[in-house]
Amino acid sequence: MKVIHLISGGDSGGAKTHVHTLLQGLTHTPGVEVTLVCFMESPFTKEAQALGIPTLVLPGKNLLRTFSRLKDLIRSGGYDLIHCHGARGNLMGALLRRATALPVVTTVHSDYRLDYMGRPISRLTYGTINTIALRHLDYRIGVSDAMADLLISRGFDTDRIFTIYNGLDFTPRTPALPRRAYLESVGVDWEDDCVIAGIAARLNPVKDIPTLIRGFARAHALQPKLRLLIAGDGEQADELRRLVRELNVEREVCFAGWVSDTDSFYNALDINTLTSLSETFPYALTEGARMGLPTVASRVGGVPYLIDHGVNGFLFTAGDAEALGKYLSTLAADATLRQHMGERLYQKAKREYSLESTVKRQLTIYETILRRQARPASGRSGALVCGAYGKGNAGDDAILEAIVTELRQVDPDLPVWVLSRRPKDTRLKYRVNSIYTFAFPKFLARMRKTKLYINGGGSLMQDVTSHRSLWFYLFTISAAKILGNKVLMYGCGIGPIHSQANRRRAARVLEHRVDAITLRDTHSRAELEEMGVTKPEILQSADPTVILPPASDEAIDGLLESNGLDPRGKYIGFALRPWPGFESKAPIFARAADYAWEKYGLTPVFIPIESRLDVEAARKAAVHIQSAPFAILSETGGSSHTIGLFARMQVVVSMRLHALIFSASQGVPLVGVVYDPKISSFLSYIGQDLYTDLGDLTEETLCAQIDQACARMGDREFLAEGVKRLRGVEQRNCETARRLLAEP
């Protein structure tokens, strides 16, 4: 593989570090040959040459001459790919794209709209040229997920955006100075048992050090052993010193000035901080992570992709000194929490943000681009997925995640489009193209280009919650088929459809417009038979979410700790939802929670599937709890975190189908409370017999079933066979999609 990199050569800061370290790594990778082309002689080029990177300088302002020389070089050199960086590199890449017929990719190191702030002439010229050139390249790489998200939000094709991170060398280092000696070197004599928070940053407004000082002062009032070490210099230095005096924390705050020995600085800290108003992905985070420091950071840019709130650090809204102070105080008071969070952050950063992982990621991107380039062009491509997406339901979101995961297993380069109530959120979360659910002209136009339409999981074919939703899904199925798509109903449930007119309408559409239906339960097959649907291929499968894995143990430990729960504790999970008749039964769930606590020592934890509804249902039940300590989680994070939380329960009592599916997939004993036949159908399908209709629920029945479930706690193999079978038959979903996507 031969790759030519184009960059102006005047770069500094993060862009310079990224390009140098990346190309140095690629240069030493077998089978890869890189050439760096710069358009000026500079310290950047000299440093690249010193690092052993093959570097060619093409100076001069004659654009056409430079273009001609590059075109000849690329053609004669047998290059496979052109990789650009910055405005001049992007302009040249856009010109060379057609002349060489090679794929062109650019790395976007910063927000291109802000690159020339304060330089109006450069912004008008170079900024405009760069903005236009970016639209004429084939692929784009953001130097953080936040940068990729920015590109997606500005309308760049989601399928042609990749993410890479500034890698850091995680080789173990020994600081030049131990903690005590370093503190003495910066002029402080703090006690050995003090807890030191710190930041390494320029002292200018974008870093918002005043918020750090105010937050620290609040925390110090609660935790007198807390100290603050500030490394850096800048125009706000005098202003910040005045603020420290005003808040009367002069003896507890040290301004260390510009620091070159960052290893000794971070070694002296107990807590790393970042208070910026804007960031992409700062090295200060990974440098702190390399030292195993828990981090309190503002929720900006790429920061949330490294810092998992409550797991390996805390996130706060930029400028919120009160929240910052609360988190600093929490960490200062708990050495064990600091140790656990710091270790989790170190492991994640080493795994995902090391130099080795950066080079490996770049190679994967190159291989993907070249693989796509080699594919023969075809008239139709891609899949359009429709379901109840973008509405904040963890079960529906998990279905979409599972479908997208399986489609990418079928074909990693398959363009995927999703109809969503919140298309922007869907694009960012799943890195797929997305159209607003009711934007009829847009999705009908897309159906003329896609190859496969997927009616995506869940109980979409029902009229209990709405007649109109059923009509909508039937319309999209018909439209997709008429416009030339294969149509697949993916791991779905059928019914109940009560209206006879709706049953006839649904039967007609499914019979004549659907190619294949994979079902998640046996009740759905019976419904289809009753409706007279026989023409499509009908396969017994399973809900696609059974393939999703739980988050790591470290992440779930952190989630539990951040909610005041011991990761080693024993819990009974409740997943409740508002439904007609629920309020009269809410006290029964409370008495069952007390029963599980008193008899088995299981702490009740209420886990929402749809936070908007379920948290309130949990509160209505929990208000009746008499003796048991309990926790109501307001949110759980992504699908993997929700699954991981259910996996930590010893028993789960649930009205929610996906809480049962998540728990069953992890071998957790279940008690179902049935408000819809899909609940009992699923439990029967996996051989689980502990369930009761909501209307028939009594305290005696529920407690007796909890007894039976608890008897199975010590034998997680009880559900193993059912789960294994469930995952085996679920593969019929993606196998069917693969067949329908195959070229005739």
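Residues numbered from 1 in each chain as written. Predicted model: local features only at pLDDT ≥ 70, side-chain atom pairs only at ≥ 80, totals over all residues. Heavy atoms only, no water.

K.L.:
Got a sec to walk through helix α17 (residues 423–430)? Specific residues and values, please.
P.N.:
Among all positions of α17, only P423, T426 and Y430 are buried. Taken end-on, α17 shows its buried residues confined to a sector of 60°, consistent with a single buried face. Where α17 is buried, its residues meet α16 (394–410), β15 (416–420) and β16 (433–436). Following α17 by one or two positions, R431 adopts a phi angle in the positive range, close to 55°. (Buried < 20%, exposed > 50% of the residue type's maximum accessible area, 1.4 Å probe, protein only. Helix = DSSP H or I, 4+ residues; strand = E, 2+ residues; numbered from the N terminus. Arc of directions from axis to C-beta. Contact = heavy atoms within 4.5 Å.)

K.L.:
Explain the environment of G644 residue by residue, including any values.
P.N.:
Counting through the fold element by element, G644 comes out in helix α25 (residues 639–647). Each C-alpha atom, one on G644 and one on S663, is 8.9 Å from the other, the two residues being 19 residues apart in sequence. Setting aside anything within four residues of it in sequence, one finds G644 in contact with P550, A551 and I556.

K.L.:
Kindly report on the pairing of strand β8 (residues 195–200), identifying the contributing residues and their values.
P.N.:
With five of six residues buried, β8 is to be regarded as a mostly interior element. Where β8 lies against strand β9 (residues 226–231), six bridges are found, and the strand directions are parallel. Among the inter-strand pairings, I196 is bridged to a residue of β9, identified as R227. Handedness of the crossover joining β8 and β9 through helix α8 (residues 209–222) is recorded here as right-handed. Here β8 runs beside strand β11 (residues 271–274); their pairing, made up of two bridges, is parallel. Within β11, the position partnered with A197 by the bridge is I271. (Pairing = 2+ DSSP bridges. Right-handed = clockwise from strand over helix to strand, strands pointing away.)

K.L.:
Outline the packing of helix α20 (residues 500–513) against helix α21 (residues 522–531), listing residues and values.
P.N.:
With their axes 10 Å apart at the nearest point, α20 and α21 run at an angle of 95° to one another. Here α21 runs roughly perpendicular to α20, going by the angle between their axes. Contacts from R503, A506, A507 and L510 of α20 reach α21 at E527, L528, E530 and M531. Of the residues that constitute the contact of α20 with α21, the class distribution is five nonpolar, no polar and three charged. (Axes fitted to C-alpha atoms, helices over the stretch in contact; angles between N-to-C directions. Parallel < 35°, antiparallel > 145°, perpendicular 65-115°, else oblique. Nonpolar A, V, L, I, M, F, W, Y, C, P; charged D, E, K, R; others polar.)

K.L.:
So what about the packing of aromatic side chains? Which residues, and what values?
P.N.:
Using the criterion set out here, one finds 19 aromatic pairs in the structure. Both rings, one in F646 and one in F662, keep their centres 6.4 Å apart while their planes meet at 45°; by these two values the pair is tilted. In this pair, F646 is assigned in helix α25 and F662 in helix α26 (residues 657–665), connecting sequence segments 16 residues apart. For the pair F646 and F662, one class covers both residues: buried. Joined through ring pairs, the aromatic side chains of Y436, F438, F440, F443, F472, Y473 and F475 make up one cluster. Over the ring of Y685 we find R725; its NZ or CZ atom is 5.2 Å from the centre of that ring. (Phe/Tyr/Trp six-rings, centres within 6.5 Å; stacked < 30°, edge-to-face > 60°. Lys NZ or Arg CZ within 6 Å of the ring centre and 35° of its normal.)

K.L.:
For the sheet that holds strand β18 (residues 486–494), give the residues involved together with the corresponding values.
P.N.:
The seven strands lie next to each other as β16-β15-β14-β17-β18-β19-β20, forming an open sheet whose pairing is parallel. The open sheet has two free edges, formed respectively by β16 and β20 (537–540), since each of these has just one partner strand. Direction aside, the axes of adjacent strands within the sheet are offset by 20° on average. As defined by bridge partners, strand β14 (residues 383–386) adjoins strand β17 (residues 452–461) across four bridges and the pair is classed as parallel. Among the inter-strand pairings, L384 is bridged to a residue of β17, identified as Y453. Packing against the sheet, α16 makes contact with β14, β15, β17 and β18, and its axis sits at approximately 150° to β17.

K.L.:
Help me get a handle on the nonpolar core, residues and values and all.
P.N.:
Formed by 74 residues in total, the largest nonpolar core has its most connected members in L576, F589, V653, F682 and L702. Looking at which element gives the most residues to this core, the answer is helix α23 (residues 582–600), with eight residues. Residues in contact with L702, not counting those within four places in the same chain, are I588, F589, A592, V653, V671 and L697. M461, M489, I497 and A507 belong to the second-largest nonpolar core, a separate cluster that totals 36 residues. (Core = buried A, V, L, I, M, F, W, Y, C linked by side-chain atoms within 4.5 Å.)

K.L.:
With reference to specific residues and values, describe the sheet that holds strand β13 (residues 313–316).
P.N.:
Spatial ordering of the open sheet is given by β10-β9-β8-β11-β12-β13, a layout of six strands whose pairing is parallel. Only two strands of the sheet have a single neighbouring strand rather than two, namely β10 (253–257) and β13. Across the sheet, the mean angle separating the axes of adjacent strands is 20° when strand polarity is ignored. As paired elements, β9 and β10 share four bridges and run parallel to each other.

K.L.:
Quick rundown of a nonpolar patch on the surface? Include the residues and the values.
P.N.:
Residues Y436, F438, F440 and F475 make up a contiguous nonpolar surface patch of about 350 Å² in total accessible area. Of note, F475 is situated in helix α19 (residues 467–482). The exposure class assigned to F475 is partly exposed, which follows from its relative accessible area of 36%. (Patch = residues over 30% accessible without salt bridge, like charges linked within 9 Å, V, L, I, M, F, W, Y side chains within 5 Å. Areas by Shrake-Rupley, 256 points an atom, 1.4 Å probe, with all protein chains shown as cover. Salt bridge = Lys/Arg side-chain N within 4 Å of Asp/Glu carboxyl O.)

K.L.:
How would you summarise the side chain of H109 if you had to cite specific residues and measurements?
P.N.:
Relative to the helices and strands, H109 resides in the loop between β5 (104–108) and α5 (120–134). Exposure remark for H109: the relative accessible area of 17% places this residue in the buried category. For H109, the side chain forms a polar contact with the side chain of H85, separated by 3.1 Å. (Polar contact = N/O pair within 3.5 Å; in protein donor to acceptor, adjacent residues only side chain to side chain.)

K.L.:
Talk me through the pattern of salt bridges; I want residue IDs and the actual numbers.
P.N.:
What the rule picks out here adds up to 39 salt bridges. A salt bridge links R227 to E191; the shortest N-O distance between them is 3.1 Å. Placement of R227 in strand β9 and of E191 in the loop between α7 (179–185) and β8 is noted, with a sequence separation of 36 residues between them. In this structure, K429 engages D397 in a salt bridge whose closest nitrogen and oxygen atoms are separated by 3.8 Å. Residue K429 is found in helix α17, and its partner D397 is found in helix α16; the two are separated by 32 residues along the sequence. One salt-bridge network, held together by shared partners, links R371, R372, R375, D411 and D413.

K.L.:
Pulling in residues and values, what's your account of α16?
P.N.:
With 17 residues, α16 should reach 24 Å at 1.5 Å per residue; the first-to-last C-alpha distance of 24 Å fits that figure. The element α16 is extensively covered by neighbouring structure, given that 13 of its 17 residues are classed as buried. Among the residues of α16, the N-terminal cap falls to N393, whose side-chain oxygen and the backbone nitrogen of G395 are separated by 2.8 Å. (Expected span 1.5 Å × (residues − 1).)

K.L.:
Quick one: what's the story with the pairing of β20, residue by residue and with numbers?
P.N.:
Alternating residues of β20 divide into I538 and Q540, all buried, and E537 and L539, none buried. Here strand β19 (residues 516–519) pairs with β20 via four bridges, running parallel. When the bridges of β20 are listed, I517 appears paired with I538. As for the winding sense of the linkage, the β-α-β connection from β19 through α21 to β20 is right-handed.

K.L.:
Describe in detail unusual backbone geometry, supporting the description with residues and values.
P.N.:
Looking along the chain, the bond that leaves G495 and enters P496 is cis, with omega of 0°. In this structure, A101 is a non-glycine residue whose phi angle is positive, near 60°. With respect to the secondary-structure elements, A101 resides in the loop between α4 (86–100) and β5. A positive phi angle, close to 60°, is found at N248, a residue other than glycine. Mapped onto the elements, N248 comes out in the loop between α9 (237–246) and β10.

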